[in-house]
Amino acid sequence: DTGVSQDPRHKITKRGQNVTFRCDPISEHNRLYWYRQTLGQGPEFLTYFQNEAQLEKSRLLSDRFSAERPKGSFSTLEIQRTEQGDSAMYLCASSDSGQGALDGYTFGSGTRLTVV
Amino acid sequence: AQSVAQPEDQVNVAEGNPLTVKCTYSVSGNPYLFWYVQYPNRGLQFLLKYITGDNLVKGSYGFEAEFNKSQTSFHLKKPSALVSDSALYFCAVRDGGGGFKTIFGAGTRLFVKA
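Note that the structure is a prediction, hence the values are computed from the model and not measured.

Before we move on, could you go through the pairing of strand β12 (residues 108-113) of chain B and cite the residues and values that matter?
Residue and element names in this part refer to chain B. Only one face of β12 is covered, namely the face carrying T108, L110 and V112; the face carrying R109, F111 and K113 is uncovered. Sheet analysis places strand β2 (residues 10-14) next to β12, joined by 5 bridges and oriented parallel. The residue bridging V13 from the neighbouring strand is V112, located in β12. Relative to β12, strand β10 (residues 87-95) runs antiparallel, the two being bridged by 3 bridges. Residue pairing across strands places L88 opposite R109, the latter belonging to β12.

Written out as structure tokens, the structure reads:
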């Protein structure tokens, strides 16, 4: 297992277009998280899945944002009608449950979104 | 709601000197505390955690952190800094009372001069 993979690494899109990002977590991990990081800031929590269930969603996530994890493995984050303020690094992380629930997260390298 | 404060945007230290990166937190339940490091063009990496037990916890690359409940602090320390320690450091907290999400501080940039 090579860790958490995110695709694409970079995405440039025009304002108003829809974009979708993919995250493949570590295969044994049943918890998956999405964060957003802007320059000079720490990661901001967006949403969290345990298996295929989305258990928590930040108020930061407007109706234009949706995330899925249909089979409890990979996850997608879609942004509809992108705005310039959506430009950021989108980070995915995964973690174990059970005894591993208190471990730190394993983060992917992120998808950098630029909305022009 | 939980929150994390890192009062220093930047910390400068000479190689070989001890370093401290400060962090304070607020959480309603028992705190689960973490430090992560971010090197340029690389993802966040977990350094160490405090869940319970000994207030001094040791982590990767010679780093350690001290949990102080009365001061609600969790400062990151290293006895002797290396130039290669230069990076962005994030403190994070999770509410041990049952929350799933981890909240991160804004980060502190560490510069170690040779």
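On we go.
Can you lay out unusual backbone geometry for me, pointing to particular residues and giving the numbers?
Residue and element names in this part refer to chain A. P8 follows D7 through a cis peptide bond whose omega is -5°. Mapped onto the elements of the fold, P8 is located in the loop between β1 (5-7) and β2 (10-13). The backbone of N51 sits at a positive phi, close to 55°, despite the residue not being glycine. Locating N51 in the fold gives a position in the loop between β5 (44-50) and β6 (53-57). Located in the positive-phi region is R81, a residue other than glycine, with phi close to 50°. Tracing the backbone shows R81 in the loop between β8 (75-79) and β9 (88-95). A relative accessible area of 46% means that R81 is categorised as partly exposed.

Let's hear about the interface of chain A and chain B: which residues, and what values?
Tallying the contact residues gives 22 residues for chain A and 17 residues for chain B. Counting each side, the surface lost to burial between chain A and chain B is near 1600 Å², with a carbon and sulfur contribution of 55%. Here K101 of chain B makes a salt bridge to E56 of chain A, at a shortest N to O gap of 3.4 Å. Of all the elements in the fold, those that place two or more residues in the side of chain A that touches chain B are β4 (31-37), β5 and β6 of chain A.

Tell me about the environment of T20 of chain B, and name the residues and values.
All names here are of chain B. Its place among the elements puts T20 in strand β3 (residues 19-21). Judged by relative accessible area, which is 32%, T20 ranks as partly exposed. The spacing of T20 and K77 is 57 residues in sequence and 4.5 Å in space, taken between C-alpha atoms. Discounting chain neighbours no more than four positions away, the residues touching T20 are E8, V11, H75, L76 and K77.

Requested: an account of the layout of surface pockets, with residues and values cited.
Roughly 680 Å³ of internal volume is contained in the largest pocket. In terms of lining, the largest pocket is formed by 27 residues, of which the most central are Q37, L39 and R112 of chain A together with Q38 and L88 of chain B. Listed by contribution, the elements that provide at least two residues to the lining of the largest pocket are β9 of chain A together with β10 and β12 of chain B. Of the residues forming the lining of the largest pocket, the biggest block, 3 residues, is contributed by β9 of chain A. Residues of the lining of the largest pocket, tallied by class, amount to 9 nonpolar, 13 polar and 5 charged. Approximately 360 Å³ is the volume found for the second largest pocket.

Outline the side chain of R64 of chain A, supporting the account with residue identities and numerical values.
Residue and element names in this part refer to chain A. Along the chain, the position of R64 falls in the loop between β6 and β7 (65-68). In this structure R64 comes out as buried when scored by relative accessible area, which is 11%. Those residues within four positions of R64 in sequence are excluded, and the remaining contacts are E78, I79, Q80, R81, T82, E83 and D86.

Thresholds, definitions, all that
- Residues numbered from 1 in each chain as written.
- Chains lettered and ligands numbered in written order.
- Predicted model: local features only at pLDDT ≥ 70, side-chain atom pairs only at ≥ 80, totals over all residues.
- Heavy atoms only, no water.
- Buried < 20%, exposed > 50% of the residue type's maximum accessible area, 1.4 Å probe, protein only.
- Helix = DSSP H or I, 4+ residues; strand = E, 2+ residues; numbered from the N terminus.
- Pairing = 2+ DSSP bridges.
- Contact = heavy atoms within 4.5 Å.
- Buried area = accessible area lost by both parts, 1.4 Å probe.
- Salt bridge = Lys/Arg side-chain N within 4 Å of Asp/Glu carboxyl O.
- 1 Å grid on protein atoms, 1.4 Å probe; cavity = no way out; pocket = protein on both sides within 12 Å on 5 of 7 lines; lining within 4 Å.
- Points joined across faces, edges and corners; volume = space filled by probe spheres on them.
- Nonpolar A, V, L, I, M, F, W, Y, C, P; charged D, E, K, R; others polar.

Read these as geometric descriptors, not functional statements.
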